Amino acid sequence: MISELVGDWASVSPTSDHEATAARGERLAAALPGGGPRPVCEAFVGGLPEEADRRKLLRPCHVVCGTPGRLRALAAGGALPADFVRTLVLDEADRLLGG
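Nothing here was measured: the structure is a model prediction, and the numbers come from that model.

Thresholds, definitions, all that
- Residues numbered from 1 in each chain as written.
- Predicted model: local features only at pLDDT ≥ 70, side-chain atom pairs only at ≥ 80, totals over all residues.
- Heavy atoms only, no water.
- Helix = DSSP H or I, 4+ residues; strand = E, 2+ residues; numbered from the N terminus.
- Buried < 20%, exposed > 50% of the residue type's maximum accessible area, 1.4 Å probe, protein only.
- Contact = heavy atoms within 4.5 Å.
- Areas by Shrake-Rupley, 256 points an atom, 1.4 Å probe, with all protein chains shown as cover.
- Pairing = 2+ DSSP bridges.
- Core = buried A, V, L, I, M, F, W, Y, C linked by side-chain atoms within 4.5 Å.
- Salt bridge = Lys/Arg side-chain N within 4 Å of Asp/Glu carboxyl O.

Student: Tell me about the overall build of the chain, and please be specific about residues and values.
Tutor: Check the secondary structure of the chain and you find four helices and four strands. Along the chain, helices and strands appear, N-terminal first, in the series β-α-β-α-β-α-β-α. Residues classed as buried in the chain amount to 37% of the 99 residues present. Looking at the chain alone, contacts between residues at least 24 apart form 61% of all its contacts between residues at least 6 apart. Carbon and sulfur atoms make up 56% of the accessible area of the chain, which amounts to about 5600 Å² in all.

Here it is as structure tokens:
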């Protein structure tokens, strides 16, 4: 069962570099307002086992950052329902859209 906290923010990144995608997500998490605990961020990119990503989404997660293909696969498989996403950020949207 997916955590009710999964997907407060989702960032779609054009790169499949796991470290760069994770860093983007961490920067987004750090910029979020609030005085409580730091939001939990997870990165999802292709080329890594999808099952491991599905397991990450079973834990509370506030910021989801990933490549379009991996996020689409997780959503299509039911691990990342779109109705759990409150805000979507298209990082480098021109590259994502082929520009």
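Student: Help me get a handle on the environment of Pro-68, residues and values and all.
Tutor: One can find Pro-68 in helix H3 (residues 68-76). Using a relative accessible area of 39% as the deciding quantity, one classes Pro-68 as partly exposed. Taking C-alpha positions, Pro-68 is 9.3 Å from Phe-44, a pair spaced 24 residues apart along the chain.

Student: Give me the lowdown on the pairing of strand S2 (residues 41-44), citing residues and values where you can.
Tutor: Consecutive side chains along a regular strand alternate between the two faces of the sheet. Burial along S2 is two-sided: the face carrying Cys-41 and Ala-43 and the face carrying Glu-42 and Phe-44 are both buried. Two elements, S2 and strand S3 (residues 63-66), share four bridges in a ladder whose sense is parallel. By the bridge assignment for S3, Glu-42 is matched with Val-64.

Student: Describe the environment of Cys-41, with residues and values.
Tutor: Mapping Cys-41 onto the fold places it in strand S2. Accessibility expressed as a relative area gives 13% for Cys-41, which makes it buried. The spatial distance from the C-alpha of Cys-41 to the C-alpha of Leu-28 is 8.7 Å, given a sequence separation of 13 residues. In this structure Cys-41 touches Gly-25, Glu-26, Ala-29, Cys-61 and Val-63, once residues within four positions along its chain are discounted.

Student: Describe the nonpolar core, naming the residues involved and giving the relevant values.
Tutor: One broad rule of soluble globular proteins: the nonpolar side chains tend to lie buried together. Membership of the largest hydrophobic core is limited to eight residues, which are Phe-44, Leu-57, Cys-61, Val-64, Leu-71, Leu-74, Ala-79 and Leu-80. Once you skip the residues sitting within four places of it in the chain, Leu-74 turns out to touch Phe-44, Glu-50, Asp-53, Arg-54, Leu-57, Ala-79 and Leu-80. Grouped together as the second largest cluster of nonpolar side chains are five residues, Leu-28, Ala-29, Cys-41 and Val-63 included.

Student: Describe the pattern of salt bridges, with residues and values.
Tutor: Evaluation of the coordinates by the stated rule reveals five salt bridges. Between Asp-53 and Lys-56 there is a salt bridge, and its shortest N-O distance comes to 3.5 Å. Pair noted here: Asp-53 and Lys-56 are both in helix H2 (residues 50-56), with a separation of three residues, about one helical turn. Just as Asp-53 is buried, Lys-56 falls in that class too. Salt-bridge contacts for Arg-70 lead to Asp-53; the nearest nitrogen and oxygen are separated by 2.6 Å.

Spatial relationships are all this shows, so hold off on functional conclusions.
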